[in-house]
Amino acid sequence: MDIAKKRQDFPIFSGRKLIYLDTSATAQKPATVIDALARFYTYNNANTHRGLYELGESSTTHYELTREKVAQFINAKYPNEIIFTKGTTEGINFIASSWVEQHLTHGDEIVLTQAEHHANLLPWQRVAQKTGAKLVFIPIDLETYKTQNPEKYITSRTKLLAVTYSSNVLGDIWDERKQELENLITLAHAVGARVLIDAAQAVMHRRIDIQKLNPDFLVFSGHKMMGPMGIGVLYIKQALHDAVQPYQVGGSMVFSVSFEQATWAASPQKFEAGTQPVAEVFGLGAAIDYINENIDFDQLRQHEARLCSMLIDGLEKLEHDIKIKIHIAGNKNWLREHGHLVSFAITGVHPHDIASYLGAKNIAVRAGHHCAQPLVNLLSIDSLLRVSFGVYNTPEEVEIFLQELTSAVKLLCHSFGSQEYNPVRGE
Amino acid sequence: MLYQEELMDHYKYPRNHKTITSPDFAISELNPSCGDRIAIEGKISDDSISDLGFSGSGCVISQATASMLTEHCIGKKVDIALTLSKNDIIAMVGLEMGPTRLKCALLSLQVLQHGLLSLQAKK
């Protein structure tokens, strides 16, 4: 994979010094995606599913072709199983209020992991409060950073399994070699539960295969896979389409309407009320095209793991050279071979200070709780620094990051009186 | 230079980093999104702040601002301290800050003003 050549595909890097190590927050966009948005408004702008003129027909055709493209991209059986949303968060809220709430009662259980992003936690907290259902958390082993005996938590009371495919803090939390996630989904189905997978983080780094994974619902966002912000995908298994209510009602999703009542259109229209972000759908299509034409997921994994390995080596060397303690929140061995991000905390230095220092040197990293406060608290850490990689990052960038991190730590690390700031509690 | 020398000086050698005997008020607050903590204790006499002490842990901006703020407010009238605003803090820190870092800088002002208001409420 020729990284230098790939970087040229991304306009944001040209003519400026930017070391972007925050792809897990949002991925940078290739020119073809940016152009797709402008081209839609310049040459194709018309509302979909309504116009009887050529522009409207063509807009609709391309919109529906993109739906098919997404279905193929994640190996869903039918294009109508692909619903366009604003993003992952909307997709999860959608299923929470349009299906889960109606099907859960007091005493039922929703199984999550301890590593969920707030988007795959808060909607279930609300559902549990409304219905009297109980939240059950599969624990994360604090040595391996993977789930611990997940099958133990699926019981006859389980009505929903809602878990992340890949954590935005820890990386992979399932043992892929044992097909742990697929097996857990099979187990959940065996007890009559439904399964929702949060693939927001995974979609950029792993080939999603719906038919192999077999969830009932799956969500992800376009902007994390080099598409525009404001567009996402909600996969709903066809067999459930009648049971799932519309999330929003209004224009486009109706069959017939009187003053008193309305009947719904067939899915997927039933699930897409109002004018859709058509330009963004075009952009998402362009992102899928870019990935299909330019990215091999196995090579990408090797590339990103190599950068993780360099980074972890560098952090270990830093620990040794300037006698500080660095806590990596993640399975180091796994990250070296399969990772795409590394989250860590340094004793005596606040991640916000490091991130500000690096930001002033045009190095973009993320600091804080990463929308996973319960997980970060579990790790007994106040705040983590996260470096996350994409196809456009290079080994040189990792070296520069390590050099500047060293300078930042030397500047910021100190003790005054008897107090030394330590983001790692209990040390 | 990323951080102003004055700011780093207050971080490394904080002023008023102490406990107060029999304080008139003692308030502490935490910013859960980043773990910054500030606690401020104070003594008042004749409607003026006669002494302040702070403790806490967190990023450079949150801790250094606490040091600067306590130094600024000792000897000032309570009413004056209550009128201090975001702009005064920005001037004190001497750095342009985005909304995230601004929250760090404003934490100690929040704590101090809550402490002073709690006294007024008692009256």
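A.B. asks: So, the domain arrangement of chain A: which residues are in play, and what are the values?
C.D. replies: All names here are of chain A. Taken as a whole, chain A is organised into domain 1 (3–29 + 296–412) and domain 2 (46–293). A separation of 29 Å is found between the C-alpha centroids of domain 1 and domain 2. Counting residues at the interface gives 28 residues for domain 1 and 23 residues for domain 2. Elements with a minimum of two residues in the side of domain 1 that touches domain 2: α9 (297–322), α10 (332–338), β12 (341–346), α12 (373–378) and β15 (384–388). Looking at which element gives the most residues to the side of domain 1 that touches domain 2, the answer is α9, with four residues.

A.B. asks: I'd love a proper account of the packing of helix α4 (residues 86–93) of chain B against helix α5 (residues 99–122) of chain B, names of residues and values included.
C.D. replies: Residues and elements named next belong to chain B. Two numbers describe how α4 lies on α5: the axes approach to 10 Å, and their chain directions differ by 120 degrees. Viewed along their axes, α4 and α5 adopt a mutual orientation that is oblique. Handedness of the α4/α5 crossing: right-handed. Contacts between α4 and α5 pair Lys86, Ile89 and Val93 from the former with Ala105, Leu106 and Leu109 from the latter.

A.B. asks: So what's going on with the interface of chain B and chain A? Which residues, and what values?
C.D. replies: Counting residues at the interface gives 15 residues for chain B, matched by 18 residues for chain A. Taken together, the residues of the side of chain B that touches chain A break down into eight nonpolar, five polar and two charged.

A.B. asks: Describe in detail the sheet that holds strand β3 (residues 48–57) of chain B, supporting the description with residues and values.
C.D. replies: Residue and element names in this part refer to chain B. Sheet architecture is open: three strands sit in the order β1-β2-β3, paired in antiparallel fashion. The open sheet terminates on both sides in strands that have one partner only, identified here as β1 (25–31) and β3. Strand-to-strand, the axes of this sheet are offset by a mean angle of 15 degrees, without reference to chain direction. Bridge count for β1 against strand β2 (residues 36–45) is seven bridges, and the pairing is antiparallel. Paired with Asn31 across the strands is Asp36, a residue of β2. Packing of helix α2 (residues 60–73) onto the sheet brings it into contact with β2 and β3, and relative to β3 it is tilted by some 170 degrees. Along the sheet, α5 contacts β1, β2 and β3; its crossing angle with β1, the most-contacted strand, is approximately 150 degrees.

A.B. asks: Account for the confidence of the model for chain B, with residues named and values stated.
C.D. replies: Confidence along chain B averages 91 in pLDDT terms, with 98% of residues attaining 70 or more. Two numbers describe this predicted complex: its pTM, 0.92, and its ipTM, 0.83.

A.B. asks: I'd love a proper account of unusual backbone geometry, names of residues and values included.
C.D. replies: Residues and elements named next belong to chain A. Of the consecutive residues Ser267 and Pro268, the connecting peptide bond is found in the cis state with omega at 5 degrees. Secondary-structure assignment places Pro268 in the loop between β10 (262–264) and α8 (278–294). One non-glycine residue with positive phi stands out, namely Met226, at about 75 degrees. Inspection of the secondary structure assignment puts Met226 in the loop between β7 (217–221) and β8 (232–236). Met226 sits in the buried class, given 30 other C-beta atoms within 10 Å. At Asn362, a position not held by glycine, the phi torsion is positive, near 65 degrees. Relative to the helices and strands, Asn362 is located in the loop between α11 (351–360) and β13 (363–364).

A.B. asks: Report on the environment of Glu64(A), specifying residues and quantitative values.
C.D. replies: All names here are of chain A. Within the secondary structure layout, Glu64 lies in helix α3 (residues 54–73). With 16 C-beta atoms counted inside 10 Å, the residue Glu64 sits in the partly exposed group. Distance from Glu64 to His49, taken between C-alpha atoms, is 9.7 Å for residues 15 residues apart in sequence.

Reading the values: rules and limits
Residues numbered from 1 in each chain as written. Chains lettered and ligands numbered in written order. Predicted model: local features only at pLDDT ≥ 70, side-chain atom pairs only at ≥ 80, totals over all residues. Domains from an automatic or database assignment. Contact = placed C-beta atoms within 7 Å. Helix = DSSP H or I, 4+ residues; strand = E, 2+ residues; numbered from the N terminus. Axes fitted to C-alpha atoms, helices over the stretch in contact; angles between N-to-C directions. Parallel < 35°, antiparallel > 145°, perpendicular 65-115°, else oblique. Left-handed = near helix turned anticlockwise from the far one by under 90°. Nonpolar A, V, L, I, M, F, W, Y, C, P; charged D, E, K, R; others polar. Pairing = 2+ DSSP bridges. pLDDT = per-residue confidence, 0-100. Buried ≥ 20, exposed ≤ 12 C-beta atoms within 10 Å, placed from the backbone.

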